[in-house]
Amino acid sequence: LAQDFKEKYRPQFHFTPKANWMNDPNGMVYHNGIYHLFYQYYPDAKVWGPMHWGHATSKDMISWKEQPIALYPDSLGYIFSGSAVVDKNNTAGFGKDALVAIFTHHDPVQEKQKTGKHETQSIAYSLDDGKTWTKYKGNPVVQNPGISDFRDPKVRWFEAQKKWIMTLASKDRITFYSSPDLKSWSRESDFGAKEGGHGGVWECPDLFPIKHEGKDVWVLIVNINPGGPNKGSAGQYFLGNFDGKTFTSNSKETKWLDYGTDNYAAVTFANTGGRNILMGWMSNWQYANQVPTDPWRSANTIARELGLKTVGNEIYLTSIPVKELDALNSTGFLLKNVKVQDQLDLTERAKNKSGLFRLDLTTESKADFSIVLSNEVGNELIVGYNKAGNQYYIDRIKSGKVDFEKGFAEKHTAPRLATGSKISLTLLADVASVELFADNGLTVMTDIFFPDTPISKFHIKSVSGIFLDTLQYKSIKSRNDR
Ligand code: FRU
């Protein structure tokens, strides 16, 4: 077993299935001390196929253990994305504290016949902590009114009115349904036909409140493919109010959860109390089926704690890595008050041949600078700040293997939303990904990349010069070191 998970490009602190295809995280829920992750999974090949729900469990959302497949396709179709809840009051009658999964049945036969009704919503329950599942006899619980894309139910309990709310993607909008028992659902309202980004189909939504300055602000996440800010798949969000029937948005512009190309279908865990924790699929439909990994395809992002922050007249979502990740920190160093003129080479101090690390730095937004990750064969992944454009960027043009898809070798940009003159960055690097959390998570970028050999060199560069208040570097333990 010690040899497992050592393949080229194998992430060390992000979830990957041992073998074969994975896409969206599904049914993420905390139950009896365990975090559950289900995911779109095709166990027979390394490309997308008839969907199952794979399953993994964790005590900390960081180290995951793969479990047997939870849901298999059946006569109603493939098992597409969805959510899971803990039915504390036994509203469905399956049993107290039952785990109930709410997912889309996607019927490939009807899809070919173009009935327009091939996607319906169904439920299944587990009374043994997610080990075995029973599909409900009355499935589907939501019939399709004739909408070709009608999927990815995200369900939560709406305490004020003692009912379940289902947030569902219906092609170019969100439809809300409510239910007393998870079995009979009534349509409440639609949102979004004229709002937000519409460069692609709406998928994988989420709806939840976050307390902000003493009030509940409702967050509606809507993943969209294509149409992301740097092409392909991405997650947008709206902030506003939800009254049990209707969502009203206060957002004046389209807002993005993550400006990188590799955080799709991101939604939050259920039943995590006051914490709102997001995790996404760390890939993009532009090239997900082509990435050069073997024998698996795709990883998830790190779990991220969400918050809200007011900047000027707007409120934005912030995301930062969950604190549980800190347990994997190993050796590192701290620098204070360092002037970087041209470049600062951190390679010797870092002594890190695996490329797994976390970097936290604070500086001023006065000049361009970049963090360059490289290796002996000259691959470079560059994360930087561009003063003139007031933008952050990730450049993976020369980052290693890029030729599997023509749009992969690009530089991605993101606006700096913070207004202060101090920049603070957190950068997480795994074997084949970087996640940038700028300004305490106001601007986030996630990109995957495939270096020919592990990243082993680290430089901070600034032609016109910057002053670093602090720079903290910590190696992160690989799977076999923990
Ligand atoms: C998003 C998505 C979902 C769908 C699933 C199918 O990536 O297209 O809308 O349920 O993947 O695997």
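Notes on the structure in this doc start here. All of these numbers come straight from a predicted model, not from anything done at the bench.

Rules used throughout
Residues numbered from 1 in each chain as written. Predicted model: local features only at pLDDT ≥ 70, side-chain atom pairs only at ≥ 80, totals over all residues. Heavy atoms only, no water. Near = heavy atom within 4 Å. Polar contact = N/O pair within 3.5 Å; in protein donor to acceptor, adjacent residues only side chain to side chain. Areas by Shrake-Rupley, 256 points an atom, 1.4 Å probe, with all protein chains shown as cover. Nonpolar A, V, L, I, M, F, W, Y, C, P; charged D, E, K, R; others polar. 1 Å grid on protein atoms, 1.4 Å probe; cavity = no way out; pocket = protein on both sides within 12 Å on 5 of 7 lines; lining within 4 Å. Points joined across faces, edges and corners; volume = space filled by probe spheres on them. Helix = DSSP H or I, 4+ residues; strand = E, 2+ residues; numbered from the N terminus.

**Section: the site of the ligand**
Thinking step 1. Every residue near the ligand is listed here: N23, D24, Q40, W48, M51, F80, S81, R151, D152, E203, Y264 and W285.
Thinking step 2. Residue Q40 places a side-chain N or O atom 2.7 Å away from an oxygen atom belonging to the ligand.
Thinking step 3. In isolation the ligand has 320 Å² of accessible area, and contact with the protein removes 95% of it.
Thinking step 4. Grouping the amino acids of the shell around the ligand by side-chain chemistry returns five nonpolar, three polar and four charged.

**Quick look at the layout of surface pockets**
Thinking step 1. Taken as a whole, the largest pocket encloses approximately 740 Å³ of empty space.
Thinking step 2. Every residue lining the largest pocket is counted, 30 residues in all, and those nearest its centre are R156, W157, A270, N271 and G273.
Thinking step 3. For the lining of the largest pocket, the element with the highest residue contribution is strand β13 (residues 201-212), accounting for six residues.
Thinking step 4. Looking at side-chain class alone, the lining of the largest pocket contains 14 nonpolar, eight polar and eight charged residues.
Thinking step 5. Put simply, the second largest pocket is a space of about 300 Å³.
Thinking step 6. Forming the boundary of the second largest pocket are 20 residues, of which E7, Y9, S354, V431 and P454 lie nearest the centre.
Thinking step 7. Of the residues belonging to the lining of the second largest pocket, the class tally is seven nonpolar, six polar and seven charged.

**Some details on empty space enclosed by the protein**
Thinking step 1. Overall, the coordinates contain five cavities of 30 Å³ or more when judged by the stated rule.
Thinking step 2. If you add up the space inside the largest cavity, you get close to 120 Å³.
Thinking step 3. T293, S298, A299, I448 and F450 are, among the 13 residues lining the largest cavity, the residues nearest its centre.
Thinking step 4. Of the residues assigned to the lining of the largest cavity, the class counts are nine nonpolar, four polar and no charged.
Thinking step 5. Contributing elements (two or more residues each) for the lining of the second largest cavity: β1 (20-31), β5 (78-87), β9 (150-158), β13 and β18 (264-268).
Thinking step 6. For the lining of the second largest cavity, the residue count by class is six nonpolar, four polar and two charged.

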